[in-house]
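A structural walkthrough
Here is what each chain is made of, one letter per residue.
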Amino acid sequence: MSSNAIETPPLAAQLESLSALIRRTEPFCQRISAVGMYIFMGLVILTFADVLLRYVIGSPISGSIEITEMLMSVVLFSSVAYTYWRRGHVSMDIVTGKLSELNKNRLGAITTVWSLAVVFFCITCMGKYAMTTTDTTSVWNMSYKPFIWFAVFGCVLLFLAMLSHLLDQLAAIIRGGGMGSAFLMLGIGLLGVALSVWVAVERLPGISAPAQGVIGMVYMFTMFFLGMPVAFALMGTSLVFIASLRGLTAALNLFGTAWFSTCSSYTWAPLMFFLLMGFLCFYSRFGEDLYRTARNWCGHFRGGLAIASVCACTALGAVVGDALVGCIAMMTIALPEMRRHGYDDKLAIGTLACSGGIGSLIPPSSNFIIYGVLAEQSIADLFIAGVFPGLVCMACFIVVIMIMVWRNPELAPALPRVPMHERLVSLKTGLPIIIIFIVVIGGIYAGMFTATEGGGIGAFTTVFLALVMGRLSWSIVTSGLNDTGKTISMAFTVLGGAGVFSYFMTMSKIPMILAGVIASMNMPPMAVMFAIIVCMSLLGCFIPAIPLMLICVPIFLPLAALFGWNLIWFGVIINILVTMAGMTPPFGVSLFVAKELADVPLSLVYRSSIPFVLAFFLCLGFCIAFEPLSTWLPAMMR
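Note that the coordinates shown come from a computational prediction; the quantities given were computed from them, not determined experimentally.

1. Details of the nonpolar core
Membership of the largest hydrophobic core comes to 236 residues, with the highest contact counts inside it found for Phe-77, Phe-224, Trp-259, Leu-347, Phe-492 and Phe-570. No other element matches helix H6 (residues 145-177), which puts 15 residues into this core. Residues from two domains meet in this core; each of domain 1 (10-24 + 90-264) and domain 2 (268-637) gives at least three. Setting aside chain neighbours within four positions, we find Leu-347 in contact with Ala-306, Ile-401, Met-404, Val-405, Leu-411, Ala-412 and Phe-612.

Printed below as a string of structure tokens:
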């Protein structure tokens, strides 16, 4: 018998064997995810064909919207389990990041038990919904049942992935701390589930709805800080406290429909399409073209490569619309060259980690899509409202770079000047981005298609241009679709949780009471705006961008309506604040991505990001002081 077999506790070995058995489903989950993403490409073709037929023969494809809605649910639930296998569901490591590996597994086992309980209720509630529903689509008369059952199937695969993870965590605890420690963690997890069920059943008698709302938010943030995936913390909190406020039956009925309804809503289709367009542009190397052009024009200035990166990120935002994709693209493209030319990492990494956020302002923007749906504002108006603020943000970044290299010229040496004819020739490499931007944004504002259709048209145009230019291969398309599937699954799982959470907030009456209290205090509007900025800036240090927006917008929107603020202008302010969340120490997602790609200490990334966070605050100040920066262009485009 080997020494390894002697040293391994029998129960740990059994748990690992069972986990390995469950892990055999991972390749199947990967294949299901791949099928779902190719179905998504079919939706892109369907959208393009629908718009084309509308203008060629004057007759669009009948029922294209409901086909899109049903297949959107297939896209999400085909990838939700594989995303968990890849640890793609967003969580906060505020506590776990500081723990030893053993203690990380201990706390992780507790939160995994809680997540398993949430997914179990998802399975049972959606299964009940599938059995009882008689809903059909209006045009094709398709039954919802098979699509809901597929959602249930996806959740079952997710449950198995979570269970495998829990078994591995318990085995690791047994190896490091003994069986008693493992059983203690499992018991704490189950006790937490039991207490939550008790709250849901007993309904916290004698406690008002607003007080339960406050308790629920504390409960939710506690789950966040302990490392439970954000989406499942939102779902679990909402289920428990909606049951306490309205009864268990009402909560379970809502829980059974909310996630499926969110991911099969045509309203959210632009987010899916524009995420796909962004990843396709990234894998088609259009970002490299932009950076090369900007470098040729700016590289001879001191700090010119950093300025070129900012300009390239701004231009790339015209097709990507996601801060994290922009960060990954520029870190991959520009960092090796900046290091090769002697740029200090304090300037290079800060520039590249933060300038991707500018793309969240330049249309199209995933943040604007989410805000537009939540605030019931025109996504097209929000897109165009971000143009001037995005350019102002770019200018603020450039000013910060110039000040930094003026104070310390050793941060960034100047490069030889590129001849003018080479600079002019390089301009043509930006044509694909210009074409995609004109097709998408121009088509939306010309009334040729909606913002939702614009995402599909943009993705189709990106694929077409990449094929014409010889930039796509089967492996590149597969990689792009894999990353898109992971991001879509993460985003729409959080959206599903936030959808239920918004019902809880409405039932608790907290937003309305907050608005009423502030109205009675006669606070100046700018004092309220300052409070919103402070609140979201602090939360943004700990909460990723999408959850931050989904949590805060329903709370602060009544305040904006109370003071009569222009909700397009307010959307720009919110977008800047949530974008900062991705690059604000200590838990900005872009900072962690930059650390991994640059292979530097996290403390260096933190220090390098601070000047650019200040640049975002400067841009925020301009946008608040000069409202027409956000409102003039949408008014002119109407």
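2. Section: the confidence of the model for the protein
Detailed reading of the predicted coordinates is not advisable wherever pLDDT falls low. Mean pLDDT for the protein: 87, with 97% of residues reaching 70 or above. Mean pLDDT across the elements of the protein bottoms out in helix H1 (residues 3-7) (50) and peaks in H6 (95). In the model, residues 1-6 has pLDDT below 50 throughout and makes 1 contact with residues more than four positions away in sequence or in other chains.

3. Observations concerning the environment of Pro-364
Residue placement: Pro-364 occurs in the loop between helix H15 (345-355) and helix H16 (366-375). Accessibility expressed as a relative area gives 2% for Pro-364, which makes it buried. Expressed as a C-alpha distance, the spacing of Pro-364 and Gly-582, which sit 218 residues apart in the sequence, is 18 Å.

4. Here we look at the packing of helix H5 (residues 101-132) against helix H9 (residues 230-246)
Packing of H5 against H9 leaves a shortest axis separation of 9 Å and a crossing angle of 65°. Regarding the angle of H5 to H9, the classification is roughly perpendicular. Between H5 and H9 lies a crossing of left-handed hand. For the pair H5 and H9, the contacting residues are Ser-115, Val-118, Val-119, Phe-121 and Cys-122 in the first and Phe-232, Met-235, Gly-236 and Leu-239 in the second. For the contact of H5 with H9, the per-class residue count stands at 7 nonpolar, 2 polar and no charged.

5. Points about the environment of Asp-483
Its location among the elements puts Asp-483 in helix H22 (residues 474-508). Sequence-distant contacts of Asp-483, that is, excluding residues within four places in its chain, are made with Arg-86, Phe-279 and Tyr-283. Within polar-contact distance, the side chain of Asp-483 engages the side chain of Arg-86 at 3.4 Å.

6. Considering the domain arrangement of the protein
Split into domains, the protein comes out as domain 1 (10-24 + 90-264) and domain 2 (268-637). Taken together, the contact between domain 1 and domain 2 spans 32 residues of the former and 27 residues of the latter. On the domain 1 side of the contact with domain 2, Val-90, Leu-234 and Thr-262 bury the most area, a combined 20% of that side's loss. Along the contact surface separating domain 1 from domain 2 lie 0 salt bridges. The interface formed by domain 1 and domain 2 includes 2 residue pairs in polar contact (both at pLDDT 80 or more). Contributing elements (two or more residues each) for the side of domain 1 that touches domain 2: helix H8 (209-225), H9 and helix H10 (248-263).

7. Examining the pattern of salt bridges
Scanning the model with the defined rule gives 8 salt bridges in all. Across the pair Glu-16 and Arg-175 runs a salt bridge, and its minimum N-O distance is 2.8 Å. With a gap of 159 residues between them, Glu-16 in helix H2 (residues 10-23) and Arg-175 in helix H6 connect regions that are remote in the sequence. The exposure class assigned to Glu-16 is partly exposed, which follows from its relative accessible area of 27%. Using a relative accessible area of 41% as the deciding quantity, one classes Arg-175 as partly exposed.

8. Notes on helix H21 (residues 451-468)
With 18 residues, H21 extends 25 Å between its outermost C-alpha atoms, agreeing within 8% with the 26 Å of an ideal straight helix rising 1.5 Å per residue. When you tally the buried positions in H21, you get 14 out of 18 residues, the bulk of the element. Remark: Gly-470 follows H21 within two positions and exhibits a positive phi of approximately 70°.

9. Some points on the side chain of Ser-78
Assignment of secondary structure puts Ser-78 in helix H4 (residues 64-85). Given the relative accessible area of 4%, Ser-78 is considered buried. At 2.9 Å, the side chain of Ser-78 forms a polar contact with the backbone oxygen of Val-74. Reaching out from Ser-78, the side chain makes a polar contact with the backbone oxygen of Val-75 at a distance of 2.9 Å. In this structure, Ser-78 is in contact with Cys-29, Ile-32, Ser-33, Gly-36 and Phe-150, ignoring residues within four places of it in sequence.

Thresholds applied
Residues numbered from 1 in each chain as written. Predicted model: local features only at pLDDT ≥ 70, side-chain atom pairs only at ≥ 80, totals over all residues. Heavy atoms only, no water. Core = buried A, V, L, I, M, F, W, Y, C linked by side-chain atoms within 4.5 Å. Buried < 20%, exposed > 50% of the residue type's maximum accessible area, 1.4 Å probe, protein only. Helix = DSSP H or I, 4+ residues; strand = E, 2+ residues; numbered from the N terminus. Domains from an automatic or database assignment. Contact = heavy atoms within 4.5 Å. pLDDT = per-residue confidence, 0-100. Axes fitted to C-alpha atoms, helices over the stretch in contact; angles between N-to-C directions. Parallel < 35°, antiparallel > 145°, perpendicular 65-115°, else oblique. Left-handed = near helix turned anticlockwise from the far one by under 90°. Nonpolar A, V, L, I, M, F, W, Y, C, P; charged D, E, K, R; others polar. Polar contact = N/O pair within 3.5 Å; in protein donor to acceptor, adjacent residues only side chain to side chain. Buried area = accessible area lost by both parts, 1.4 Å probe. Salt bridge = Lys/Arg side-chain N within 4 Å of Asp/Glu carboxyl O. Expected span 1.5 Å × (residues − 1).

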